[in-house]
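If you want the building blocks of each chain, they are given just below.
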Amino acid sequence: NAGVTQTPKFRILKIGQSMTLQCTQDMNHNYMYWYRQDPGMGLKLIYYSVGAGITDKGEVPNGYNVSRSTTEDFPLRLELAAPSQTSVYFCASRSQENEQYFGPGTRLTVT
Amino acid sequence: EDQVTQSPEALRLQEGESSSLNCSYTVSGLRGLFWYRQDPGKGPEFLFTLYSAGEEKEKERLKATLTKKESFLHITAPKPEDSATYLCAVQTFSGSARQLTFGSGTQLTVLP
C-alpha cells in the first residue's frame, strides 16, 4: 500500500531554473494538497485540488503552478526558482473520513 | 484570520515523566482539530481528529482533548520512541476544500 509518494526526495536548483515536483496517490482520493514547511514554522498551503481538472490557490501560491489531469497525480511546478522557495514540500490527500495523508516530502534548495 | 499557536516550542522529558502539549486556536468556525506526529525527515502522520468541545480520543500513551479555545495532547509515561514533533492543525467551515491551518509544532524529546 504505497499511499502518497513524492519524487524527488532532494533537489538543488540554481536561481532561475524550473522544476516539477511529482506527487501520486493510490487511494482514489479526490482532494489533494501541496504544502511547504520552513524551519520552525507550520505547514503553509500552496495549492489544492478538489478533483481532476479543478485546482485553486492556497495561502502562498506565488511562484508556483499546479495541474490535475488525473485523480492520482498532482504535480507542482516551480518556474524561475528563487532562494525564498528553499523549503520542504509536502503533498497530501484527504480521505472520505476527513483524514489527510502526507507524502515523505521533497527537500528543495535554491542557490 | 485563523491562528493556531502551540506551546511549548520544545519539551524535554525523562522516560515515564507525563506531560501535556498545548494548542490554542482562534478561528471563525471550527470544523475539526487535528493532531499529527512528524519524525525528522518524514511527512506528518495522522494521530487524532476532534470535532466538538469535550471530545477526547486516546491512542496508546497519547490522549487528545478539546475545549472551545484549545486542545491538549497528554502524554502518559512517555518512552524515547515518542520523541517527535507534534503538530496541531485546524479545519474551519470557511475553507472550501477542508484545508488545514497548522501550528508551528512542539518538538518533544524523551530521554531514556
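Check the entry above for the structure.
Our subject in this report is the structure included herewith. Everything numeric here is computed off the predicted structure, so don't read it as measured data.

### Regarding the interface of chain A and chain B
Facing 20 residues of chain A, the contacting portion of chain B comprises 19 residues. Together chain A and chain B conceal approximately 1,500 Å² of surface at their shared face, both sides included; 53% is due to carbon and sulfur atoms. On the surface where chain A and chain B come into contact, there are 0 salt bridges. Our count for the chain A to chain B interface comes out at 4 residue pairs in polar contact (both at pLDDT 80 or more). Put simply, the parts of the chain that give the side of chain A that touches chain B at least two residues each are β4 (31–37), β5 (43–51), β9 (87–94) and β10 (100–102) of chain A. Here the residues of the side of chain A that touches chain B sort into 11 nonpolar, 6 polar and 3 charged.

### Quick look at the sheet that holds strand β1 (residues 4–7) of chain A
What holds strands together in a sheet is hydrogen bonding between their backbones, with the strands either parallel or antiparallel. Residue and element names in this part refer to chain A. Pairing is antiparallel in the open sheet, where 4 strands are placed in the order β1-β3-β8-β7. Unpaired on one side and paired on the other, β1 and β7 (64–66) mark the two borders of the sheet. The average angle at which neighbouring strand axes cross in this sheet is 20 degrees, direction not considered. Examined bridge by bridge, strand β3 (residues 19–25) and strand β8 (residues 76–78) share 3 bridges and lie antiparallel to one another. Residue pairing for β8: Leu-21 is matched across the bridge by Leu-76.

### Notes on the layout of surface pockets
In this structure, the largest pocket spans a volume of roughly 710 Å³. What lines the largest pocket is a set of 32 residues, and nearest its centre among them are A:Gln37, A:Arg107, B:Gln38, B:Pro40 and B:Gly41. Of all elements in the fold, only β9 and β11 (106–110) of chain A together with β9 (84–92) and β11 (106–111) of chain B reach the threshold of two or more residues within the lining of the largest pocket. Classifying every residue of the lining of the largest pocket gives 10 nonpolar, 16 polar and 6 charged. Taken as a whole, the second largest pocket spans an internal volume of roughly 470 Å³. Along its surface, the second largest pocket is lined by 21 residues, and A:Lys44, A:Glu59, B:Glu1, B:Asp2 and B:Thr101 are the ones closest to its centre. At the level of elements, β5 of chain A together with β1 (3–7), β9 and β10 (101–102) of chain B are the ones that each hand at least two residues to the lining of the second largest pocket. Its residues assigned to classes, the lining of the second largest pocket comprises 7 nonpolar, 10 polar and 4 charged.

### Here's the deal with the sheet that holds strand β8 (residues 70–75) of chain B
Residues and elements named next belong to chain B. The 5 strands are arranged β1-β3-β8-β7-β6 in an open sheet whose pairing can be described as antiparallel. Taken across any chain shown, the strands that pair with only one partner, and hence form the sheet edges, are β1 and β6 (56–59). In this sheet, neighbouring strand axes are inclined to one another by 15 degrees on average, regardless of whether the strands run parallel or antiparallel. Of the pairings in the sheet, the one linking strand β3 (residues 19–26) to β8 comprises 6 bridges and is antiparallel in character. Looking at the pairing, Asn-22 lines up with Phe-72 of β8.

The rules behind each value
- Residues numbered from 1 in each chain as written.
- Chains lettered and ligands numbered in written order.
- Predicted model: local features only at pLDDT ≥ 70, side-chain atom pairs only at ≥ 80, totals over all residues.
- Heavy atoms only, no water.
- Contact = heavy atoms within 4.5 Å.
- Buried area = accessible area lost by both parts, 1.4 Å probe.
- Salt bridge = Lys/Arg side-chain N within 4 Å of Asp/Glu carboxyl O.
- Polar contact = N/O pair within 3.5 Å; in protein donor to acceptor, adjacent residues only side chain to side chain.
- Helix = DSSP H or I, 4+ residues; strand = E, 2+ residues; numbered from the N terminus.
- Nonpolar A, V, L, I, M, F, W, Y, C, P; charged D, E, K, R; others polar.
- Pairing = 2+ DSSP bridges.
- Axes fitted to C-alpha atoms, helices over the stretch in contact; angles between N-to-C directions.
- 1 Å grid on protein atoms, 1.4 Å probe; cavity = no way out; pocket = protein on both sides within 12 Å on 5 of 7 lines; lining within 4 Å.
- Points joined across faces, edges and corners; volume = space filled by probe spheres on them.

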